[in-house]
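Read off the chains here:
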Amino acid sequence: GGGGASPNGSGGGGSGIVVVRYQIGVVASNKATGGAISYYETGGVKKTIHTFTNSGSFNTPGTFNETIEYVAVGGGGGGGTQHAGGGGAGGYTTASIPLNAGGSPITAAVVIGAGAQGLVTQVSVSGTPGAPHSGNNTTVAFPTPVTAGAGGGGGSLWQSAPPYGEGASMPLGSGGGGGMNQPPSGNPDNGGTGGPQGNRGGRGWYHETYAGIGGGGGGAGSAGLGSGAPYPTAGVGGDGVQVPATFRDPLSAPSASSPTFTPERGGGLGTPGPAGGYYLAGGGGGAPHPAWPYTGNTGASGGAGGGGRGGGPPSTDPGGKGVSAVQNTGSGGGGGWGWPTAEGGGGNGASGIVLIAYPT
């Protein structure tokens with residue numbers, strides 16, 4: 001109301017107000033903590049998703065009793081150098097399991113396996129096998145522990161004596177691609193073998209007339225490609241695997257529009273692949289060795305899931321360095337074409353990832 005009369009006149013009345021109250025949707029509290037938490041509804045079921053791109057822990061109260069779905073990927077191998085093989089992808093494993101806290105809180109440590117650096121040390125024609133630059137395991141300390149194995153490093157040029165530039169062989173993840181090799185007689189199959197969570201790497205090859213290649217690293221979905229007599233062909237990295245539908249939230253879809261090579265486009269969860277997006281754990285591409293004067297082929301493409309492209313000759317790919325894999329895909333780095341320096345060495349493998357989902 002207005003004020004009473006005064007020597008200066010009456011006061012003005014105040015304007016009114018309306019307040020409307022109603023109940024909105026209730027936001028449920030999270031049943032667990034750890035990682036980056038998001039929500040997605042698929043198949044009519046609302047899911048809570050925990051994404052770990054760095055090490056941490058998945059923590060539940062004692063009342064937690066849910067069937068969880070997980071994806072775990074190990075760290076990818078680095079590419080070799082000098083007409084080298086691509087790195088193998090880290091192991092890919094997924095399952096649905098019951099997780100009952102039984103009255104006692106659970107603290108499950110999550111260790112994200114680091115990807116390996118590509119090889120840049122001097123090797124000349126004496127070569128280097130892939131083992132020194134393999135990736136690292138990813139682990140989740142559930143009551144029944146989960147391990148996603150590491151990816152193997154790519155082999156480098158090897159000329160005249162065993163082990164002929166072998167890609168690293170892995171007990172769980174994918175094997176590294178073999179480096180170009182030119183032994184006194186024949187070309188041994190020097191691609192690294194893979195384990196149950198991955199595939200083998202492709203073989204390197206050399207031919208006096210048709211030059212040579214490094215083999216592609218193995219991917220979680222398919223083997224790396226190598227070559228056969230007498231015509232060396234591109235050592236393409238093996239494809240990765242598309243994550244289950246539970247984790248394909250459109251808000252986390254790969255969004256990058258460059259570079260040209262689609263396996264290297266990140267910007268979200270995974271990269272593009274044969275059936276859309278959300279691919280993880282692709283193998284790195286191998287590096288070619290075109291006939292003199294080193295014109296023509298660029299490095300082979302990495303596999304869907306984030307595998308790096310192999311380096312090409314300076315005439316087509318300045319520097320000849322293998323391309324590094326897309327981070328947090330567990331993919332392998334591309335093999336290097338050039339002399340073993342920081343400018344011409346192998347690309348780095350990618351660190352792994354862990355995804356955990358349960359009904360909201």
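Preceding this section is the structure that the text describes.
Thresholds applied
Residues numbered from 1 in each chain as written. Predicted model: local features only at pLDDT ≥ 70, side-chain atom pairs only at ≥ 80, totals over all residues. Heavy atoms only, no water. Helix = DSSP H or I, 4+ residues; strand = E, 2+ residues; numbered from the N terminus. Buried < 20%, exposed > 50% of the residue type's maximum accessible area, 1.4 Å probe, protein only. Contact = heavy atoms within 4.5 Å. Areas by Shrake-Rupley, 256 points an atom, 1.4 Å probe, with all protein chains shown as cover. Pairing = 2+ DSSP bridges. Salt bridge = Lys/Arg side-chain N within 4 Å of Asp/Glu carboxyl O. 1 Å grid on protein atoms, 1.4 Å probe; cavity = no way out; pocket = protein on both sides within 12 Å on 5 of 7 lines; lining within 4 Å. Points joined across faces, edges and corners; volume = space filled by probe spheres on them. Nonpolar A, V, L, I, M, F, W, Y, C, P; charged D, E, K, R; others polar.

Let's shift gears to the overall build of the protein. On a plain count of helices and strands, the protein comes out with zero helices and 15 strands. For the protein, with 360 residues in total, the buried portion stands at 52%. Contacts in the protein between residues at least 24 apart in sequence constitute 63% of all its contacts with a sequence separation of at least 6. About 14,800 Å² of surface is accessible on the protein, with carbon and sulfur atoms providing 55% of the total.

Here we have three strands laid out as an open sheet, ordered β11-β13-β12, and antiparallel in their pairing. Of all the strands in the sheet, the pair left with one neighbour each is β11 (241–242) and β12 (271–273). Here β11 pairs with strand β13 (residues 276–280) via two bridges, running antiparallel. Paired with Val 241 across the bridge in β13 is Leu 280.

Time to look at the sheet that holds strand β14 (residues 288–289). Pairing in this open sheet of three strands is antiparallel, and the strands run β9-β10-β14 from one edge to the other. Every interior strand has two partners, whereas the edge strands, β9 (205–207) and β14, have only one.

Right, let's get into the side chain of Asn 328. By secondary structure assignment, the location of Asn 328 is in the loop between β14 and β15 (353–359). Setting aside chain neighbours within four positions, we find Asn 328 in contact with Thr 53, Leu 280, Ala 350, Ser 351, Gly 352 and Ile 353.

Right, let's get into the pattern of salt bridges. In the structure shown here, the tally under the stated rule is three salt bridges. Where Arg 200 meets Asp 189, a salt bridge forms, and the shortest distance between an N and an O atom there is 3.3 Å. Here the residue Arg 200 occupies a position in the loop between β8 (146–148) and β9, and Asp 189 occupies one in the loop between β8 and β9, the gap between them amounting to eleven residues. Taking relative accessible area as the criterion, Arg 200 reaches 31% and is therefore assigned partly exposed. On the accessibility criterion, Asp 189 (46% relative accessible area) is partly exposed.

Residues in a regular strand project their side chains so that they alternate between the two faces of the sheet. For strand β4 (residues 65–73), the buried fraction is high: seven of the nine residues fall into the buried class. Here β4 pairs with β15 via five bridges, running antiparallel. Bridge pairing links Tyr 70 to Ile 356 in β15.

One number sums up the size of the largest pocket: a volume of about 170 Å³. Around the largest pocket, the lining residues are Ala 36, Ile 37, Ser 38, Ile 49, Thr 51, Phe 247, Asp 249, Ser 252, Leu 269 and Leu 355. Listed by contribution, the elements that provide at least two residues to the lining of the largest pocket are β1 (36–42) and β2 (45–52). Broken down by element, the lining of the largest pocket gets its largest block of residues, three residues, from β1. Among the residues making up the lining of the largest pocket, the classes are represented as six nonpolar, three polar and one charged.

We now examine the environment of Ala 150. Structurally, Ala 150 is set in the loop between β8 and β9. Sequence-wise, Ala 150 and Gly 88 are 62 residues apart; in three dimensions their C-alpha atoms are separated by 8.4 Å. Excluding anything up to four places from it in sequence, Ala 150 contacts Gly 75, Ala 89, Gly 90, Gly 91, Gly 135, Asn 136, Asn 137, Met 170, Gly 173 and Ser 174.

Such coordinate-based values are descriptive only and should not be taken to indicate function.
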